[in-house]
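# Coordinates in review
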Number of protein chains: 2
Amino acid sequence: MSGAFTHHGGRIADACARFGGAPEDWLDLSTGINPVPWQPPPALAIDWRGLPDTQALARLEARAAGHFGVAPNLCMAVPGSETALRLLARVLDLPGLTPPLAYGTYRDAFAPGAALASGEDPPPRATAIVLGNPNNPDGTVLAPARALALLAHQEAHGGWLIVDEAFADCAPDASVAALVAPQRRLIVLRSFGKFFGLAGLRLGFLIAPEGVLAALRHLLGDWPVHAAALALGTAAYADRTWIADTRQALPARAAALDRVLRRHGLSPEGACPLFRLVRTPEAGRLFAMLARRRILTRPCADHSDLLRLGLPADDAERARLDAALAQGRADG
Amino acid sequence: MSGAFTHHGGRIADACARFGGAPEDWLDLSTGINPVPWQPPPALAIDWRGLPDTQALARLEARAAGHFGVAPNLCMAVPGSETALRLLARVLDLPGLTPPLAYGTYRDAFAPGAALASGEDPPPRATAIVLGNPNNPDGTVLAPARALALLAHQEAHGGWLIVDEAFADCAPDASVAALVAPQRRLIVLRSFGKFFGLAGLRLGFLIAPEGVLAALRHLLGDWPVHAAALALGTAAYADRTWIADTRQALPARAAALDRVLRRHGLSPEGACPLFRLVRTPEAGRLFAMLARRRILTRPCADHSDLLRLGLPADDAERARLDAALAQGRADG
C-alpha cells in the first residue's frame, strides 16, 4: 500500500491520487525539510536573464565553505546533492557499501556492493562506502573514531569514504567535512534545501579533493547551478542570526513532536531534529491511518516496522497529528 | 588578449577586470541570448519550499514536447543543455566528431575524435557526431538530406548523431527533432534560455530514444530541474502569442544589426537571428576596440579572423554599437 511513498518524500500529488483530497488538504510530514524556511530579503530580486555569473559562483562556494568549515578550493556547488551522489558514483565507478538502513539513492546510484553493518569491517578491496551523517532515516551520528577507521581502511585499499551530510547543519559538531584534504579519500556532500527549508532550489555542495571536484566540474560544465541558487544561497549562508536561531528552534520543535508521539505509545529515535523514526510492527497501519487523515509520512522500503516523520511546523500542525493519532487508536 | 572570452560569452565580470568599468557600463553582445526576454506573469510566484513536484515535471516535459513537435515520452527536462551534453558524452562513451567551427563544449566533453568538414563522410566506425543546428558561431542550418545521410551512416556503424538545437526556436522548420524515434540513433538537445532570454534558469531538454533518457534520468535523479524552471518553463512554452511575436521580432532585430555592421564594411553571416558572425582579419583588433568602449563581443578560439555579435536589444544599443564602430575606424 505504501510502496510508492518509500523512495522519496514529498509526493503529495501521488498521495492525493491514492488517498484523495487536494494538495492543500495535506499535512506533509514525509520529508526532512525544515518546515519554517529561511526567507529571502524582499529586495533580493532574481535576474534570470544572463548566464549565471562565474564570480558569483565563486562567492557562493566561498561562503558555503565558511559555513561548513572547509577550505574554499575543496568545495563546489552542485545542482542538488541527489544529482551529485549519482555523478560521483559514475566518476568513482566502484562497488558501493551502504548501511542496511540508508537513503535509497546510495544503492540505486552505486554499482551493487553489499551492506555494511555499523560495527563491521569493510572487505579488503576498493569500494565506495556511502554513509549518511546523521543517517537517514534513523538519525544516527557517525562517531569520529568510526569515520577515521573507515577512512584509513579505504585509503589502504584504494576505496573512498563518502559521507552524505544532507542533514548536518543542525549539529555542525558532528560533521566530518573538516577532515577532507587533498591527499585523503574522503568526500562529503552537503545540502542547502533541508536546513534552510528551500528544497525546490536544488542546491548542494561537494567537499572533496580537487581531482574529484575537477571531474564533477567537467561533467557539469561552467554553470552548475542557476541564478536563484547563487543569489539565495549566498544570502542565506551569510545570515548568521537565522542560522543560530534555527539551530536552537529545531531541537525544541523536535522535542515537541516527540512528546506527541510518546503520548500515543510511540518511541521516536534519532539525533537529527529534522525528522524522527518510530519502530513499531504497526508502521504500515499507522502510515495508512494517517494518510486517510491527509497526513503524509514516510514508510521505509524493506523495513515494514519503520515510519519516519518530519517536523510539524507549529502548534496547529502538531495538534492535527495528535488528534489523528488519538482517533486512529480509538478506531482500533 | 581575447583568450579568456573565447570559451563562453557573458563574462562581464571578467571584462570589467580586464578592460575596466562596472558591469552596468557594459553592453553585452557576447552571447546569443535574446535581449528581450519572456516576462513571467506578475502573479507567478515561485514556491521554493518543497521538492520539485514530479507531476509538474511531467507537465513541463509534455508542454515542451508539444513546442518541439515530438512525443512526450522522448523528451526530458535537464538542468541546462550544457550539462546534458557533458552527461551524454559520458553515457555514450564514443569518440566525438565535430565541425571545425563549433561550440567549444563539443570537443571538451566528448573523447577526442576528429573534425568533420561539412561535405565530408564520417569514418566507418562508431563515433558521436555532434553538430549545432543552427551551428554556433556561424549560424548555418543543417540540411535535412545531410542529417539523414549522417544518421544512416551512424546507424550502420553503431554511432550516434547528436544535434544541438540550442538556437532552433527562431526557425522551427529547420529542426530535426521530429526525426527522433525509439529505434533511431539520433539525439536532439534544446535550450530554454536562449530564445526566451532567461539563461540564468539553466533549463534544457533532451529528445532521445527512451534508453538514452533512462540513462540520463538515472544520472540526474528524480529532481533534474528546480522549482522555478518548472513554473517558468511551463508558462513560457504555453505563451503562443509571445513565441509567435518573438519569431517575427528577432529577424527584424537581426536585420537592423546587419545594417549597422554593413555600414562599417563588415559582412554578417548566419541564418540564426540571435547572433551574427563577421569574418575579417581585423577581428582581434575589433574585439579589443569595442571592449575599450565597454561593448563585449565574442572572439572564436582558433579562428582569429572571426567575431560573433549578439543582438542589440533596441535602437539605443544599436546606436551605441554604431558609434563605437565609427569611432574605432576614425581612430584607425
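Here we summarise the structure given alongside this text.

It is worth spelling out the pattern of salt bridges at this point. Here the idea is simple: oppositely charged side chains can pair when their charged atoms come close. Residues and elements named next belong to chain A. Scanning the model with the defined rule gives 26 salt bridges over all chains in all. One salt bridge in this structure joins Arg-190 and Glu-165, with 3.3 Å as the shortest N-O distance. Of the two residues, Arg-190 is situated in strand E7 (residues 186-191) and Glu-165 in strand E6 (residues 160-165); the sequence distance between them amounts to 25 residues. As far as burial versus exposure is concerned, Arg-190 and Glu-165 are alike and both buried.

Let's shift gears to the packing of helix H3 (residues 81-92) of chain A against helix H7 (residues 210-220) of chain A. All names here are of chain A. H7 packs onto H3 with a crossing angle of 115° between their chain directions and a minimal axis gap of 10 Å. Looking at the two axes, H3 sits roughly perpendicular to H7. With respect to the hand of their crossing, H3 and H7 are arranged in right-handed fashion. Contacts from Leu-87, Leu-88 and Val-91 in H3 reach Val-212, Ala-215, Leu-216, Leu-219 and Leu-220 in H7. Residues belonging to the contact of H3 with H7 are distributed by class as follows: eight nonpolar, no polar and no charged.

The next thing to look at is the sheet that holds strand E13 (residues 303-310) of chain B. All names here are of chain B. Strand order in the open sheet formed by four strands is E9-E10-E13-E12, with antiparallel pairing between adjacent strands. Each end of this open sheet is capped by a strand with a single partner; those strands are strand E9 (268-269) and strand E12 (298-300). Of the strand pairs in this sheet, E12 and E13 are connected by three bridges, and their pairing is antiparallel. Of the residues in E13, the one forming a bridge with Arg-298 is Arg-308. The strands touched by helix H10 (residues 283-292) are E12 and E13; relative to E13, the strand with the most contacts, the crossing angle is about 40°.

Right, let's talk about the pairing of strand E5 (residues 128-132) of chain A for a bit. Residues and elements named next belong to chain A. For E5, the buried fraction is high: five of the five residues fall into the buried class. What you see with E5 is no split at all: Ala-128, Val-130 and Gly-132 on one side and Ile-129 and Leu-131 on the other are buried throughout. When strand E3 (residues 95-98) meets E5, the two strands line up parallel, connected through two bridges. Within E5, the residue paired with Gly-96 across the bridge is Ala-128. Note: E5 against E6, five bridges, orientation parallel. Following the sheet pairing, Ile-129 is matched in E6 by Leu-161. A crossover connection joins E5 to the parallel E6 through helix H5 (residues 144-157); in handedness this β-α-β unit is right-handed.

All names here are of chain B. Over its 14 residues, helix H5 (residues 144-157) extends 20 Å from the first C-alpha to the last, a length consistent with the 20 Å expected when each residue adds 1.5 Å. Those residues of H5 that fall on the buried side of the exposure criterion are Arg-146, Ala-147, Leu-150, Leu-151, His-153 and Gln-154. All buried residues of H5 lie within an arc of 165° about the axis, which places them on one face of the element. Away from its buried face by more than 90 degrees, H5 exposes Pro-144, Ala-145 and Ala-156. Looking one or two places after H5, you find Gly-158, whose phi comes out positive at around 75°.

Looking now at H3(A). Residues and elements named next belong to chain A. The first and last C-alpha atoms of H3 sit 16 Å apart over 12 residues, in line with the 16 Å expected at 1.5 Å per residue. Within H3, 11 of the 12 residues are buried, which leaves the element mostly enclosed by the surrounding structure. If you check which residues of H3 are buried, you get Ser-81, Glu-82, Thr-83, Ala-84, Leu-85, Arg-86, Leu-87, Leu-88, Ala-89, Val-91 and Leu-92. One or two positions beyond H3, positive phi appears at Asp-93, with a value near 55°.

Cis geometry is found at the peptide bond from Asn133(A) to Pro134(A), where omega equals -5°. For the bond from Asn136(A) to Pro137(A), the omega torsion is 20°, close enough to zero to count as cis. Relative to the helices and strands, Pro137(A) is located in the loop between E5 and H5. Not every positive phi belongs to a glycine, and Asp93(B) is a case in point at roughly 55°.

Turning our eyes to something else, we now look at the side chain of Arg146(B). Residues and elements named next belong to chain B. Along the chain, the position of Arg-146 falls in helix H5. Salt bridges are absent for the buried Arg-146, whose nearest opposite-charge side chain, Asp-121, sits at 4.8 Å. Dropping the residues within four chain positions of it, Arg-146 is found in contact with Leu-116, Ala-117, Ser-118, Gly-119 and Glu-120.

The subject of this paragraph is the relation of the copies chain A and chain B. Mapping chain A onto chain B calls for a rotation angle of 180° and an axial translation of 0.0 Å; the resulting RMSD is 0.0 Å. Each copy turns onto its partner about a two-fold axis. Across chain A, the smallest distance between a C-alpha and the rotation axis is recorded for Pro79(A), namely 3.9 Å. Take the interface residues of chain A: 100% of them recur as interface residues in chain B, which is what a same-surface contact looks like.

Quick notes on the rules
Residues numbered from 1 in each chain as written. Chains lettered and ligands numbered in written order. Predicted model: local features only at pLDDT ≥ 70, side-chain atom pairs only at ≥ 80, totals over all residues. Heavy atoms only, no water. Salt bridge = Lys/Arg side-chain N within 4 Å of Asp/Glu carboxyl O. Helix = DSSP H or I, 4+ residues; strand = E, 2+ residues; numbered from the N terminus. Buried < 20%, exposed > 50% of the residue type's maximum accessible area, 1.4 Å probe, protein only. Axes fitted to C-alpha atoms, helices over the stretch in contact; angles between N-to-C directions. Parallel < 35°, antiparallel > 145°, perpendicular 65-115°, else oblique. Left-handed = near helix turned anticlockwise from the far one by under 90°. Contact = heavy atoms within 4.5 Å. Nonpolar A, V, L, I, M, F, W, Y, C, P; charged D, E, K, R; others polar. Pairing = 2+ DSSP bridges. Right-handed = clockwise from strand over helix to strand, strands pointing away. Expected span 1.5 Å × (residues − 1). Arc of directions from axis to C-beta. Lys, Arg positive; Asp, Glu negative; His and termini not counted. Least-squares fit on C-alpha atoms with pLDDT ≥ 70 in both.

Don't take any of this as a statement about function, it's just geometry.
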